[in-house]
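Below, each chain spelled out in residue letters.
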Amino acid sequence: MNIIRKKRSDLVVRFHAGYVVNEVTGCWEWQKNIQANGYGHIKEGGKAKLVHRVSFALHKGPIPEGAYVLHQCDNRCCVNPLHLFVGTALDNRIDMQSKMRHAHGERVNTAKLTEKEVLEIYAVSDSGVGSRRIGAKYGVSTTMAWNIKTGRAWSHLFKARYGIHNSV
């Protein structure tokens, strides 16, 4: 057996020894080395590699240059190849946003307002108060007040309140 085939065989054995199948979700949940962000990794050729990418490559073939491997199940430690698909950075962002996994609202570390304050802004705006006065009252710029009022900022709350994405 040549050395490349032996290394590949060793990787396959280590891969399959590193997860437990979740009977409820079907996820193959990685149990070995897990980073703080929830993604598992495995060493291959002396380098740590994201194990969901390794799983995809082992089961489905090479990953195109610059491509992302995304989880349909949204379980970062899942390595089940049936739950993995290839996409672009844009696909990843769209997937994240559609499932509300991105930083938004109060989860944004630079947010100056709370959800309660944004809801107050909607009520004040609905009563006819302009963006300049709203901005001054809540300590944000006139532009930010307008963006909130029109759903360009805090769009998840705007949609929940008005049932639409953006009024402009």
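Residues numbered from 1 in each chain as written. Predicted model: local features only at pLDDT ≥ 70, side-chain atom pairs only at ≥ 80, totals over all residues. Heavy atoms only, no water.

Peer 1: Teacher, can you tell me more about the packing of helix H5 (residues 131-138) against helix H6 (residues 142-150) here?
Peer 2: Packed helix pairs are characterised by how far apart their axes lie and by the angle those axes make with each other. The contact between H5 and H6 brings their axes to 8 Å, and the two run at 110 degrees. Considering their axes alone, H5 and H6 lie roughly perpendicular with respect to each other. Of the residues in H6, those touching H5 at Ser131, Arg132, Ile134 and Gly135 are Thr142, Ala145, Trp146 and Lys149. Per-class residue counts for the contact of H5 with H6 are three nonpolar, three polar and two charged. (Axes fitted to C-alpha atoms, helices over the stretch in contact; angles between N-to-C directions. Helix = DSSP H or I, 4+ residues; strand = E, 2+ residues; numbered from the N terminus. Parallel < 35°, antiparallel > 145°, perpendicular 65-115°, else oblique. Contact = heavy atoms within 4.5 Å. Nonpolar A, V, L, I, M, F, W, Y, C, P; charged D, E, K, R; others polar.)

Peer 1: Explanation requested: the pattern of salt bridges in the structure shown.
Peer 2: Once their charged atoms are close, side chains differing in charge can pair, the charge on each being opposite to the other. As enumerated under the stated definition, the model contains three salt bridges in all. For Glu44, the salt bridge is made with Lys49, and the minimal N-O distance between the two is 3.5 Å. Here Glu44 falls in the partly exposed class, since its relative accessible area comes to 23%. Overall, the relative accessible area of 35% leaves Lys49 in the partly exposed class. In this structure, Arg161 and Asp126 form a salt bridge, with 2.9 Å as the shortest nitrogen-oxygen distance. Within this pair, whereas Arg161 is found in helix H7 (residues 155-162), its partner Asp126 is found in helix H4 (residues 115-126), the two being separated by 35 residues in sequence. (Salt bridge = Lys/Arg side-chain N within 4 Å of Asp/Glu carboxyl O. Buried < 20%, exposed > 50% of the residue type's maximum accessible area, 1.4 Å probe, protein only.)

Peer 1: Any chance you could explain the state of the cysteines here in plain terms?
Peer 2: One covalent bond between the sulfur atoms of two cysteine residues makes up a disulfide. Applying the stated criterion across every chain, the model contains zero disulfides. The thiol of Cys78 is not disulfide-bonded; the next cysteine sulfur, from Cys73, is found 3.8 Å away. Overall, Cys78 belongs to the buried group, its relative accessible area being 0%. (Disulfide = S-S within 2.5 Å.)

Peer 1: Would you explain unusual backbone geometry in this entry?
Peer 2: Among all residues save glycine, negative phi is the norm, and among peptide bonds the norm is trans. Here Asp74, not a glycine, exhibits a phi torsion of approximately 60 degrees, which is positive. Along the chain, Asp74 falls in the loop between strand S6 (68-71) and strand S7 (84-87). One non-glycine residue, Trp154, lies in the positive phi region at around 55 degrees. Note on placement: Trp154 falls in the loop between H6 and H7. Among the residues examined, Trp154 registers a relative accessible area of 13% and is labelled buried.

Peer 1: What am I meant to see in the side chain of His71 here?
Peer 2: Structurally, His71 is set in strand S6. According to the relative accessible area criterion, His71 is buried, its value standing at 8%. Engagement of the side chain of His71 in a polar contact is seen with the backbone oxygen of Asn75, the distance being 3.4 Å. Within the structure, the side chain of His71 is placed 3.0 Å from the backbone oxygen of Cys78, a separation counted as a polar contact. (Polar contact = N/O pair within 3.5 Å; in protein donor to acceptor, adjacent residues only side chain to side chain.)

Peer 1: Any chance you could explain the environment of Cys73 here in plain terms?
Peer 2: Tracing the sequence through the fold places Cys73 in the loop between S6 and S7. Of the residues examined, Cys73 reaches a relative accessible area of 27% and is grouped as partly exposed. As a C-alpha pair, Cys73 and Leu84 span eleven residues in sequence and 8.2 Å in three-dimensional space. Here Cys73 is in contact with Cys27, Cys78 and His83, once residues within four sequence places are set aside.

Peer 1: Even after reading the chapter, I still don't get the packing of H4 against H7, so can you show me in this structure?
Peer 2: As a packed pair, H4 and H7 sit with axes 11 Å apart at the nearest point and diverge in direction by 50 degrees. Considering the angle they form, H4 stands oblique to H7. Seen along the crossing, H4 lies across H7 with a hand that is right-handed. Here H4 contributes Glu115, Val118, Leu119, Tyr122, Ala123 and Asp126 to the contact with H7, which in turn contributes His156, Leu157, Phe158, Arg161 and Tyr162. (Left-handed = near helix turned anticlockwise from the far one by under 90°.)

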